[in-house]
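Descriptive structure summary
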Amino acid sequence: MSGGDDVSAETDDSSATDTGPSEPTIASESLLLTYAAPFLGVLLIAIGLPLSIVGGYVVIQDGVGLCGDPTITATHVDEYDGVPDTIETLPAAELTTAEQEALEEAIESPLQEAKIEGDIQNREAFLEGVLVEYEGEEYYVQITSQNSCLEVQPLLFPIGGIAILVGILGVLTPPIYRRMAGFEERMQRDQP
């Protein structure tokens, strides 16, 4: 009976080792593939995401109209309690065509805002805030948003994309290595 027990014990041990892939035999190889590669992969993904987002935004911002034209507001003077004497007054005749169109649009708009699409000659005055006389009425006109274009290298988009792909490869290194090690072990076992 004891001889049969020994045979069953041997078959149990061999079946336990044959079921899964073997672990790397060198300790440094195991630490590198198990911890360092995925950690570096996560770092590359974390760096690549903002780079690709900013680089992609720079590429499309002009085409979509997300930047370039400043926004002005035109508020009737009656809405203020009093206008300080230090504010400059600018007649509507001194405005460029684009500035006049934006002023008219802002006056008619319920939000009292409009974009200046074209030549801006009085940018300095609009930045400070200026009173504009238009059709016998005075309006306080000011630039509320300059809508400046973001200026970074568009090359950040492909660099970020490559960093993300390499990072994903780093994160997937341990499971890929384990499958390859198991495949290699099965191939060696199947050879005579």
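See the structure above.
One structure accompanies this document, and this report is about it. (Residues numbered from 1 in each chain as written. Predicted model: local features only at pLDDT ≥ 70, side-chain atom pairs only at ≥ 80, totals over all residues. Heavy atoms only, no water.)

1. Brief notes about the overall build of the protein
Quick note on the threshold: Each helix corresponds to a stretch of at least 4 residues labelled H or I by DSSP, and each strand to a stretch of at least 2 residues labelled E; elements are numbered beginning at the N terminus. Contacts were defined at the residue level, with two residues in contact if any of their heavy atoms lie within 4.5 Å. Each accessible area value is a Shrake-Rupley result obtained with a 1.4 Å probe; residue values ignore everything except the protein chains displayed when judging cover.
From N to C terminus, the protein includes 6 helices and 5 strands. Taken from N to C terminus, the helices and strands of the protein fall in the order α-α-β-β-α-β-α-β-β-α-α. Residue pairs in contact within the protein that sit at least 24 positions apart in sequence constitute 77% of those at least 6 positions apart. Carbon and sulfur atoms provide 58% of the accessible area of the protein, an area that totals close to 12900 Å².

2. Structural notes on the sheet that holds strand E4 (residues 130-134)
What counts here: Strand pairing follows a simple DSSP-based rule, namely that at least 2 bridges must link the two strands. To get an axis, fit a line to the C-alpha atoms, keeping to the stretch in contact for a helix; angles then go from 0 to 180 degrees between the N-to-C directions.
With respect to topology, 5 strands assemble into an open sheet ordered E2-E4-E5-E1-E3, the strand pairing being mixed. Of all strands in the sheet, those bounded by a partner on one side alone are strand E2 (89-91) and strand E3 (113-115). Here the strands of the sheet are splayed against their neighbours by 35° on average, with no regard to which way each runs. As paired strands, strand E1 (residues 71-76) and strand E5 (residues 137-145) are joined by 6 bridges and run antiparallel to one another. Of the residues in E5, the one forming a bridge with Thr-71 is Ser-145.

3. Regarding the pairing of E4
Taken residue by residue, a regular strand's side chains alternate between the two faces of the sheet. Using the following cut-off: For every residue, the accessible area obtained with a 1.4 Å probe (protein chains only) is divided by the maximum for its type, and the residue is called buried under 20%, exposed over 50%, and partly exposed between those limits.
Burial analysis of E4 places 4 of its 5 residues in the buried class, the great majority of the element. Bridge count between E4 and E5: 5 bridges; the pairing is antiparallel. Paired with Tyr-134 across the two strands is Glu-137, which belongs to E5. Two successive antiparallel strands, E4 and E5, enclose a turn made up of 2 residues, where Glu-135 displays a positive phi of approximately 50°.

4. Section: the side chain of Thr-73
Note on placement: Thr-73 falls in strand E1. According to the relative accessible area criterion, Thr-73 is buried, its value standing at 15%. Filtering out sequence-adjacent residues up to four positions away, Thr-73 remains in contact with Gln-112, Glu-113, Tyr-140, Val-141, Gln-142 and Thr-144.

5. Considering the packing of helix H5 (residues 156-171) against helix H6 (residues 173-190)
How we decide: Roughly parallel here means an angle under 35 degrees, roughly antiparallel means over 145, roughly perpendicular means 65 to 115, and every remaining angle is called oblique. Side-chain classes follow a simple rule in which Ala, Val, Leu, Ile, Met, Phe, Trp, Tyr, Cys and Pro form the nonpolar group, Asp, Glu, Lys and Arg form the charged group, and the remainder, Gly included, forms the polar group.
Relative to each other, H5 and H6 sit at 50°, their axes nearing to 4 Å. Classed by the angle they form, the pair H5 and H6 counts as oblique. On the side of H5, the interface is formed by Leu-169, Gly-170 and Val-171, while H6 contributes Thr-173, Pro-174 and Pro-175. Considering only residue class, the contact of H5 with H6 consists of 4 nonpolar, 2 polar and no charged.

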